[in-house]
Amino acid sequence: MNKLGVNIDHVATVRQARRTDEPDPVWAAVEAQLGGADGITFHLREDRRHILDRDVELLKAVVNVKLNMEMSIDPEIVRIALEIRPDQCTLVPERRQELTTEGGLDVKRLARRIGPVVQKLHKAGIVASAFIEPLKDQVRACADCGFEAIELWTARYAHARTAQAQAAALEELRRAYEWGQENNLVVHAGHGLTYRNILPIASLRLFEEFNIGHSIVARAVFVGMRQAVREMKDLLLQASSLPA
């Protein structure tokens, strides 16, 4: 069955709307684990718009499943990652004007800057992953830089308005998965995935892990984080029984 990484950033977004101490994303991470999450994902941004340094330290202490830190290649953020040593660091693009991470990291263009960061992560025993668009040259660039894993940007699939557009996006992701396999990369997927659109992509039974945040946090407002995660896990289990 596909594994589920739960991104708890938007719990912190609600907290930071009032600059207060609740809801606590660390507490949310514990509840997500109790609901069956296979991993916890967070993004420490340079502007600290949601996750704070305090959260990172506590997440390292309380998370007993895979801990995945999304991050830019900013030297300060790299230094924190090397100190905290999460299980995995996923390099992502970061622009201050965006609401959330949009599009993939241009590993091909930034290879000279990214390569040394990947080497530092390896020396610290951290798995290095890159969040990229499903393009052959980007997959190859990730392999050349030494990444062990990639996470494919699924927004084109998630935002498809027609069955034809959805099918085309799924085929694009399938091809990118195959390119990842050819380059000995573990392939994850994420961005824009919800309870409504997870079944078709999960039923492909290709991806090691899906990282899902906003949809689960939104559902948790009504049913609680533990139950929201259980419901997504149930859908992933259902997908494993569907024809690929």
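Each value, and the rule that gives it
Residues numbered from 1 in each chain as written. Predicted model: local features only at pLDDT ≥ 70, side-chain atom pairs only at ≥ 80, totals over all residues. Heavy atoms only, no water. Helix = DSSP H or I, 4+ residues; strand = E, 2+ residues; numbered from the N terminus. Rg over C-alpha atoms; globule rule 2.2 N^0.38 Å. Buried < 20%, exposed > 50% of the residue type's maximum accessible area, 1.4 Å probe, protein only. Contact = heavy atoms within 4.5 Å. Areas by Shrake-Rupley, 256 points an atom, 1.4 Å probe, with all protein chains shown as cover. Lys, Arg positive; Asp, Glu negative; His and termini not counted. Charge placed at Lys NZ, Arg CZ, Asp CG, Glu CD. Arc of directions from axis to C-beta. Salt bridge = Lys/Arg side-chain N within 4 Å of Asp/Glu carboxyl O. Pairing = 2+ DSSP bridges. Axes fitted to C-alpha atoms, helices over the stretch in contact; angles between N-to-C directions. Parallel < 35°, antiparallel > 145°, perpendicular 65-115°, else oblique. Left-handed = near helix turned anticlockwise from the far one by under 90°. Nonpolar A, V, L, I, M, F, W, Y, C, P; charged D, E, K, R; others polar. Polar contact = N/O pair within 3.5 Å; in protein donor to acceptor, adjacent residues only side chain to side chain.

(A) Highlighting the overall build of the chain. The helix and strand inventory of the chain stands at 11 helices and 8 strands. Rg of the C-alpha trace for the chain: 17 Å, near the compact-globule value of 18 Å for 244 residues, within the 12% margin. C-alpha extents for the chain along the principal axes are approximately 45 × 45 × 30 Å. Every one of the 244 residues in the chain was classed for burial, and the buried ones make up 54%. Excluding contacts between residues fewer than 6 apart, the proportion of contacts in the chain whose partners are at least 24 apart in sequence is 67%. Carbon together with sulfur atoms contributes 50% to the accessible area of the chain, which is approximately 11500 Å² in total. Seen as two clouds, the 32 positive and the 33 negative side-chain charges of the chain have centres 2 Å apart.

(B) A look at helix α6 (residues 136–145). When α6 is considered as a whole, its buried residues turn out to be Q138, V139, A141, C142 and C145. One side of α6 carries all its buried residues, which in axial view fall inside an arc of 160°. Looking at α6, the residues exposed on the side facing more than 90 degrees away from the buried face are K136 and D144. Buried-residue contacts for α6 involve α5 (111–123), β5 (127–132), β6 (149–153) and α8 (163–182). Following α6 by one or two positions, G146 has its phi on the positive side, about 95°.

(C) Focus on the pattern of salt bridges. With the rule as written, the count across this model stands at 18 salt bridges. Between E83 and R79 there is a salt bridge, with its nearest N and O atoms 2.9 Å apart. Residue E83 and its partner R79 are both found in helix α4 (residues 75–84); the two are separated by 4 residues, about one turn of the helix. Classification of E83 as exposed rests on a relative accessible area of 55%. Of the charged contacts, one joins E231 and R219 as a salt bridge, the two residues approaching to 2.8 Å between their closest N and O atoms. Of this pair, E231 sits in helix α11 (residues 225–239) while R219 sits in helix α10 (residues 214–223), and the two are 12 residues apart along the sequence.

(D) Layout of the pairing of strand β8 (residues 209–212). Residues of β8 alternate between two faces, with E209 and N211 on one and F210 and I212 on the opposite face, all of them buried. Sheet topology note: the strand β1 (residues 3–7)/β8 ladder contains 4 bridges and is parallel. Bridge pairing in β8 links V6 to I212. Strand direction decides the pairing type here: strand β7 (residues 186–190) and β8, joined by 2 bridges, are parallel.

(E) Looking closely at the sheet that holds strand β3 (residues 66–71). Spatially, the 8 strands close up into a barrel ordered β1-β2-β3-β4-β5-β6-β7-β8, and their pairing is parallel. Looking at each pair of strands side by side, their axes are set apart by 25° on average, direction ignored. Two elements, β3 and strand β4 (residues 88–91), share 4 bridges in a ladder whose sense is parallel. Following the sheet pairing, M71 is matched in β4 by L91.

(F) Focus on the packing of helix α2 (residues 25–34) against α11. At a minimum axis distance of 7 Å, the contact between α2 and α11 shows a crossing angle of 45°. With respect to α11, the element α2 is oriented oblique. Between α2 and α11 the crossing geometry is right-handed. Contact residues: A28, E31, A32 and L34 in α2; M225, R226, V229 and R230 in α11. Here the residues of the contact of α2 with α11 sort into 5 nonpolar, no polar and 3 charged.

(G) Examining the environment of S241 more closely. Within the element layout of this structure, S241 appears in the segment after α11. Given the relative accessible area of 60%, S241 is considered exposed. Between the C-alpha atom of S241 and that of A81, which follows or precedes it by 160 residues, the distance is 38 Å. A polar contact is formed between the side chain of S241 and the backbone oxygen of Q238, at a distance of 2.7 Å.

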